[in-house]
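# Chain and residue survey
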Amino acid sequence: MAAHLSYGRVNLNVLREAVRRELREFLDKCAGSKAIVWDEYLTGPFGLIAQYSLLKEHEVEKMFTLKGSRLPPADVKNIIFFVRPRLELMDIIAENVLSEDRRSPARDFHILFVPRRSLLCEQRLKDQGVLGSFIHREEYSLDLIPFDGDLLSMESESAFKECYLENDQTSLYHAAKGLMTLQALYGTIPQIFGKGECARQVANMMIRMKREFTGSQNSIFPVFDTLLLLDRNVDLLTPLATQLTYEGLIDEIYGIQNSYVKLPPEKFAPKKQGESGKDLPTEAKKLQLNSAEELYAEIRDKNFNAVGSVLSKKAKIISAAFEERHNAKTVGEIKQFVSQLPHMQAARGSLANHTSIAELIKDITTSEDFFDKLTVEQEFMSGIDTDKVNNYIEDCIAQKHPLIKILRLVCLQSVCNSGLKQKVLDYYKREILQTYGYEHMLTLNNLEQAGLLRPQMGGRNNYPTIRKTLRLWMDDVNEQNPNDISYVYSGYAPLSVRLAQLLARPGWRSIEEVLKMLPGPHFEERQQLPAGLQKKRQQGENRVTLVFFLGGVTYAEIAALRFLSQMEDGGTEYVIATTKLMNGTSWIESLMEKPF
Amino acid sequence: MSRTKVDEEEYWHSSKFKAFTFDDDDDELCQLKESKRAVNSLRDIVDDDDDDLERVSWSGEPVGSISWSIKETASSGGPALEGREQLKTRNSLSSYPPLPKPASTYSLSSFFKALSDVPPKNYAPELRRPKGEYKDYSSDWSLSDTVRRLQKGKVCSLERFRSLQDKLQLLEEAVTIHDGNVITAVLIFLKRTLSKEILFRELEVRQIALRHLIHFLKEIGDQKMLLDLFRYLDRTEELALSQYQEHLNIQDPEKRKEFLKSCIGLPFSVEDAAHVQDHYTLLERQIIIEVNDRHLESSGQTEIFRKHPRKASILNMPLVTTLFYSCFYHYTEPEGTFSSPINLKKTFKIPDKQYVLTALAARAKLRAWQDVDALFTTKNWLGYTKKRAPIGFHRVVEILHKNNAPVQVLQEYIRLVEDVDTKLNLATKFKCHDVVIETYRDLKDRQQLIAYRCKVDKASVEEEKIDGILSSTQIRWKN
């Protein structure tokens, strides 16, 4: 079912099964037939751990999305609300409960908070006078959701905003709890490294939780050797740049949600003889993207410029395989051919889809505007003209390009210049407010507080030093057969991943000076293991490092870490965890003041 | 772009950085085409029904996934289709280690079980649960036990913490476990039982708790207390911004305007203060224009509104949009009126560039080519006229083209583009043959002119013109 989760070095199916069991246990607590009322946001993440059949086994007969007024009729004993702990959702639930028809047979209400019960929410239910109507009020700690064999996410969209803007540590607490769960399943992680204020706090919480966990000694042999906690605000640059890997571009252009992407349907129209042209589907084509699909696993992390050749090679192989049918003469041969047919059909379907997607993306990457934007990004990242008003940005504002695009570019310039000169900053702000509306003042202030768009302090620009020391800009990038992580941005090596790479070899001591220039403390902690569990490494056995991005990670960064995992003499394999899978656009969006 | 094409070229070759280019573009496209072709040809061999193979609905929702099932079960009478993984997993579970459970789970559920003997089903508003639930069984939890219980989401009375000292210790205990949920719970209790002054004073020295309170107040929308808090803490800019934010919730334009007016005196940073002032002035202006124009439009007496009815009201639109609007509907008005473009330009100190761009777009849309012409015509003191564009004529051409300007108009401005390469590019792109031909003639570039001859229609005026030039004996061709 979720076989792709067990392909990696760490079998994440173990985690998936553990959370599935917890779900079953909860469902069984509410005996009898049930209907689930879903907070729509949760259906995506839940889809990664369970299908309807699992719920059905436990007598879930109906499912609805949470909406105001009265609940739809359902002849069931239990109504269960699956919701995030949000106040506005509590009001809707209260409305549902209050408008319940008293004449029809009474139904039991329950509420399952994901990932956490919230006293604030319960208070709200109490204020609305419905708290007493719920029999079970529980929490389902779906902190870390397995997305792929080497990837976990909390899918908490507001984590960055909460941590760096509102200084609310709740999502850090969840991260720490998620890490405790992982350790319960995969053993205590002996070494913890971290960089950044939030990283420090998560490590502190973990150490404290471990001390307070009075249960039995963890007797599982440790799977992870090292945990690296990284604050997103240590590297504000990377997500702002346009990702240039295949998966990264799909995300930039169409947005991947819970491993699904919605694509314009035209290119996917089923072309059957005789009926071409009619019945073009209008609904977006939805595809699941993960490493369960062989072809996708192969191309997802490649630079987009290297994808075309792989696809054409695959096409030849598949064509050849189908040609084999002419050679099949005997019954046995034909039988063998037929037995391979399903696999070949699947491969063909996969190839067809990715060829179409690649064409869609290519239409965009070959456009003049994409090229111009990329040129400006690359100028900034390599340190050219970051201290004056940029003509391209000015033009984009004049033509009223989407505001988020403007903000991404201006923030990128600011970060690559350790803040903008006051005059430049004021100019941009004025242009933006006059063109897009004064109310965006609030968004600009948020960006300033998060450190993304700010005036230069003390007139010093540290970025060139950081860039040179960490080799963030590589001139001779090889997109086809990469030899360095910089291929994921066609020249720029993501700072965050460089830190992970340097930690593995030769160690952070070599870059002390630069670490001091980046925000927040860097630290190392050790967790004692009982003597019997200490690892004796085999010759040539790779270490396993869990890199946890607090505040979000991009697909390009994931690709870069996978590249490091696969390096022949790399010596380290990486598993990636994060509060949210994101890109520059979704990130900036999360920092904008609503309603927009 | 200020860099000229030649410079750019040189820059690209000399510069050490590499742009994202498709090295051999054709090849790359070929490859995609190739795989496309292969895929298509294969369709004939293995036909159809692979949908069934994967069991995905067209929208890609795998059959049996949760979001798919919501639609299914909500619409049909009962559970419709079966998912595939039915029963497969049930048996394979025992091999996985269990998740660590908070020690409380058992007691909590047994607690509920005990309760369910008493039928708990009464819908709001009256809560008729046994009183015991709201009370602790043991009335004397220690400080850390209380926090622990809160952390596990258990019911727990905080009322026993009466003295300020007790309350503060409770808060500190909550803060040390970093659980925002618990911190908030304690803050709710403190907010209810302490006076504002004391609460603010104590939180001022407890920064983490303070941030949680701010977040909490924002969440529940207690704007008044939030403003009081900022005022107490002397965080004036935040105070001002958070007050200003309120305007977004006011729909009525008059009320919103009055509210913005009240924001003007707030302690913003210098730049923001100017923006808020402008925001107010703009809305005030828009209200006047809106009333006036709605009247004009409905009376049907003004040609421009008859020909181009307004698509939306101008209220709450950004400044540049308002300028566009005024250039569209009120271009010729004297400077003294509120709706005249020049008045807007002066009031809001709109830079020349921005103004010209907007006016150009508006007049081009109306195909008022004379206005466009006037926009770029300057007279010097001798009375000679000269064409000048603060945005560069290449931009002018782009905008005109976007508004479907006729070739005659386009070529007039393409001729004004200074850089020869840019000029040629634009002229070729927009098929202004005359400009291309003349430019090659001026460059004395015979080869290019011959090459261009193939691109124009056979026996056209252009071809004739090229032939004329090519046969001219006056020109000393460079090639």
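Starting from 1, residues in each chain are numbered consecutively following that chain's sequence as written. Written order determines the labels here, with chains lettered from A and ligands numbered from 1. Only residues with pLDDT of at least 70 get local features here, since the model is predicted, and only at 80 or more are side-chain atom pairs given and counted; chain-wide, interface and lining totals rely on the full set of residues. By convention in this description, side-chain values take in all heavy atoms of the structure and omit both hydrogens and water.

So, about the overall build of chain A. The helix and strand inventory of chain A stands at 22 helices and 15 strands. As a reference, a globule follows 2.2 Å times the number of residues to the power 0.38, and the radius of gyration itself is taken over C-alpha atoms. Taking 2.2 N^0.38 as the reference for a compact globule, 596 residues should give roughly 25 Å; the C-alpha atoms of chain A span a radius of gyration of 26 Å, in line with that estimate. With respect to the principal axes defined by its C-alpha atoms, chain A has extents near 75 × 70 × 65 Å. Between buried and exposed lies partly exposed: a residue is buried under 20% and exposed over 50% of the maximum accessible area for its type, with that area taken using a 1.4 Å probe on protein chains only. Going through the 596 residues of chain A one by one, you find that 64% of them count as buried. Contacts in chain A between residues far apart in sequence, at least 24 positions, make up 79% of those at least 6 positions apart. Per-residue and other accessible areas follow the Shrake-Rupley method at a 1.4 Å probe size, with only the shown protein chains counted as cover for residues. Total accessible area on chain A is roughly 22,000 Å²; 50% of this is exposed by carbon and sulfur atoms. For helices the rule is a DSSP run of H or I covering at least 4 residues; for strands it is a run of E covering at least 2, with both sets numbered from the N terminus onward. In this description, contact between two residues means that some pair of their heavy atoms is separated by no more than 4.5 Å.

This next bit is on the UniProt feature "domain: Vps16 C-terminal" (unreviewed entry) in chain B. UniProt positions are given in the numbering used here, feature names are shortened, and annotations may be inferred rather than shown by experiment. In the UniProt entry, the feature "domain: Vps16 C-terminal" (unreviewed entry) is given for residues 162-263 of chain B. Helix makes up 80% of residues 162-263 of chain B and strand 0%, whereas the separation of the span's terminal C-alpha atoms amounts to 40 Å.

Turning our attention to the domain arrangement of chain A. Start and end points for every domain follow an automatic or database-based domain assignment. What the domain assignment lists for chain A is domain 1 (3-142), domain 2 (156-213 + 220-231 + 523-531 + 542-589), domain 3 (246-262 + 281-366) and domain 4 (369-461). Placing a centre on the C-alpha atoms of domain 1 of chain A and another on those of domain 4 of chain A gives a separation of 43 Å.

Quick look at the side chain of Arg562 of chain A now. Within the secondary structure layout, Arg562 of chain A lies in helix H21 (residues 555-566). Its relative accessible area of 8% is what places Arg562 of chain A among the buried residues.

What follows concerns the domain arrangement of chain B. When its domains are assigned, chain B resolves into domain 1 (139-234), domain 2 (249-350), domain 3 (351-431) and domain 4 (433-478). Look at where the C-alpha atoms of domain 1 of chain B and domain 2 of chain B centre, and you get two points 46 Å apart.

In this section: the sheet that holds strand E4 (residues 108-113) of chain A. All names here are of chain A. Two strands pair under a simple rule: DSSP has to find at least two bridges between them. With respect to topology, five strands assemble into an open sheet ordered E2-E1-E3-E4-E5, the strand pairing being parallel. Each end of this open sheet is capped by a strand with a single partner; those strands are strand E2 (60-65) and strand E5 (134-139). Each adjacent strand pair in this sheet contributes to an overall mean axis angle of 20°, direction not counted. Where strand E1 (residues 34-38) and strand E3 (residues 78-83) come together, five bridges link them in parallel fashion. Residue Lys34 lies in a different strand from E3, and its bridge partner there is Asn78. To get an axis, a line is fitted to the C-alpha atoms, and for a helix only the part in contact is used. The angle between two axes follows their N-to-C directions and goes from 0 to 180 degrees.

All names here are of chain A. Where helix H1 (residues 13-29) contacts helix H7 (residues 170-186), the axes come no closer than 10 Å and their chain directions differ by 110°. Between H1 and H7, the interaxial angle falls into the category roughly perpendicular. Viewed along their axes, H1 and H7 form a crossing whose handedness is right-handed. Counted together, Val14, Leu15 and Ala18 of H1 and Thr181, Leu182, Leu185 and Tyr186 of H7 form the full contact between these two elements. Think of it as three bins: nonpolar holds Ala, Val, Leu, Ile, Met, Phe, Trp, Tyr, Cys and Pro, charged holds Asp, Glu, Lys and Arg, and polar takes everything else, Gly as well. Tallied by class, residues from the contact of H1 with H7 come to six nonpolar, one polar and no charged. Here is the rule for angles: anything less than 35 degrees is roughly parallel, anything more than 145 is roughly antiparallel, 65 through 115 is roughly perpendicular, and the remaining ranges are oblique. Each crossing is labelled by how the near helix is turned from the far one, with a counterclockwise turn of less than a right angle marking it left-handed and a clockwise turn marking it right-handed.

All right, on to the nonpolar core then. Working definition of a nonpolar core: buried Ala, Val, Leu, Ile, Met, Phe, Trp, Tyr and Cys residues. They are joined through side-chain atoms within 4.5 Å. Formed by 251 residues in total, the largest nonpolar core has its most connected members in Phe46, Leu55 and Leu229 of chain A together with Leu400 of chain B. Not counting residues up to four positions away in its chain, the partners in contact with Leu400 of chain B are Leu360, Ala364, Trp369, Val372, Ala405, Val409, Leu410 and Tyr413 of chain B. The next biggest cluster of nonpolar side chains, apart from the first, holds 61 residues, and it includes Leu120 of chain A together with Cys156, Ala174 and Val175 of chain B.

Below, the discussion takes up the environment of Asp434 of chain B. All names here are of chain B. Along the polypeptide, Asp434 turns up in helix H23 (residues 433-443). According to the relative accessible area criterion, Asp434 is partly exposed, its value standing at 24%. As a C-alpha pair, Asp434 and Thr193 span 241 residues in sequence and 84 Å in three-dimensional space. With residues near it in sequence (within four places) discarded, Asp434 still touches Gln411, Arg415 and Lys465.

Time to look at the confidence of the model for chain B. Residues and elements named next belong to chain B. The predictor attaches a confidence to each residue, and that confidence, scored 0 to 100, is pLDDT. Residues at a pLDDT of 70 or more form 73% of chain B, whose mean pLDDT is 77. Scored below 50 in pLDDT, residues 1-26 makes 56 contacts in the model with residues more than four places away or belonging to other chains. Here residues 76-96 is modelled with pLDDT under 50, and outside its nearest four sequence neighbours on either side it reaches 37 contacts, counting other chains as well. With pTM at 0.85, the complex prediction returns an ipTM value of 0.86.

Any two rings among Phe, Tyr and Trp, with Trp reduced to its six-membered ring, count as a pair given centres within 6.5 Å; such a pair is stacked if its planes are under 30 degrees apart, edge-to-face if over 60, and tilted if neither. A complete count under the given rule lists 27 aromatic pairs over all chains for this structure. When the centroid spacing of 5.9 Å and the interplanar angle of 70° are considered together, the rings of Phe376 of chain B and Tyr413 of chain B count as edge-to-face. With Phe376 of chain B in helix H19 (residues 369-376) and Tyr413 of chain B in helix H21 (residues 407-414), this pair connects stretches of sequence that are 37 residues apart. On the accessibility criterion, Tyr413 of chain B (1% relative accessible area) is buried. Cation over ring: Arg200 of chain A sits above Phe523 of chain A, and NZ or CZ is 4.2 Å from the ring centre. When the ring centre of Phe161 of chain B is taken as origin, the NZ or CZ atom of Arg160 of chain B, which lies over that ring, is 4.5 Å away. Charge-over-ring contacts are defined here by two conditions on Lys NZ or Arg CZ: a distance within 6 Å of the ring centre and an angle within 35 degrees of the ring normal.

Residues and elements named next belong to chain B. What goes into a patch is any residue over 30% in relative accessible area without a salt bridge, connected to like charges within 9 Å or, for nonpolar side chains (Val, Leu, Ile, Met, Phe, Trp, Tyr), within 5 Å. The salt bridge definition used is simple: a Lys or Arg side-chain nitrogen within 4 Å of an Asp or Glu carboxyl oxygen. Judged by side-chain polarity, Trp381, Leu382 and Tyr384 come together as a nonpolar surface patch covering roughly 480 Å² of accessible area. Mapped onto the elements of the fold, Leu382 is located in the loop between strand E1 (377-379) and strand E2 (385-387). Classification of Leu382 by relative accessible area gives exposed; the value is 55%.

To continue, consider helix H12 (residues 331-365) of chain A. Each α-helix winds once per 3.6 residues, and so residues spaced three or four apart point in a common direction. Expected span, for any helix, means 1.5 Å times one less than how many residues it has. With 35 residues, H12 of chain A extends 49 Å from end C-alpha to end C-alpha; this agrees with the ideal 51 Å at 1.5 Å per step. Of all the bends in H12 of chain A, the largest measures some 40° and sits at Leu341 of chain A, one to four residues before the proline Pro342 of chain A. In this scheme, the bend at a residue equals the angle between the axes fitted to the seven residues that finish there and the seven that begin there.

Right, let's talk about the pairing of strand E6 (residues 145-148) of chain A for a bit. The pairing of E6 of chain A with strand E7 (residues 151-153) of chain A spans three bridges and is antiparallel. Bridging from a neighbouring strand, Asp148 of chain A pairs with Leu151 of chain A of E7 of chain A.

Here the focus is unusual backbone geometry. Across the junction of Val114 of chain A and Pro115 of chain A, the peptide omega takes the value 0°, indicating a cis bond. Secondary-structure assignment places Pro115 of chain A in the loop between E4 and helix H5 (119-127). Cis rather than trans, the peptide bond between Arg505 of chain A and Pro506 of chain A has omega equal to 5°. With a phi angle near 55°, Lys400 of chain A is a residue other than glycine that sits in the positive phi range. For Lys400 of chain A, a relative accessible area of 41% gives the class partly exposed. Here the phi dihedral of Arg367 of chain B falls at roughly 55°; this positive angle occurs in a residue that is not glycine. Relative to the assigned elements, Arg367 of chain B resides in the loop between helix H18 (352-365) and H19.

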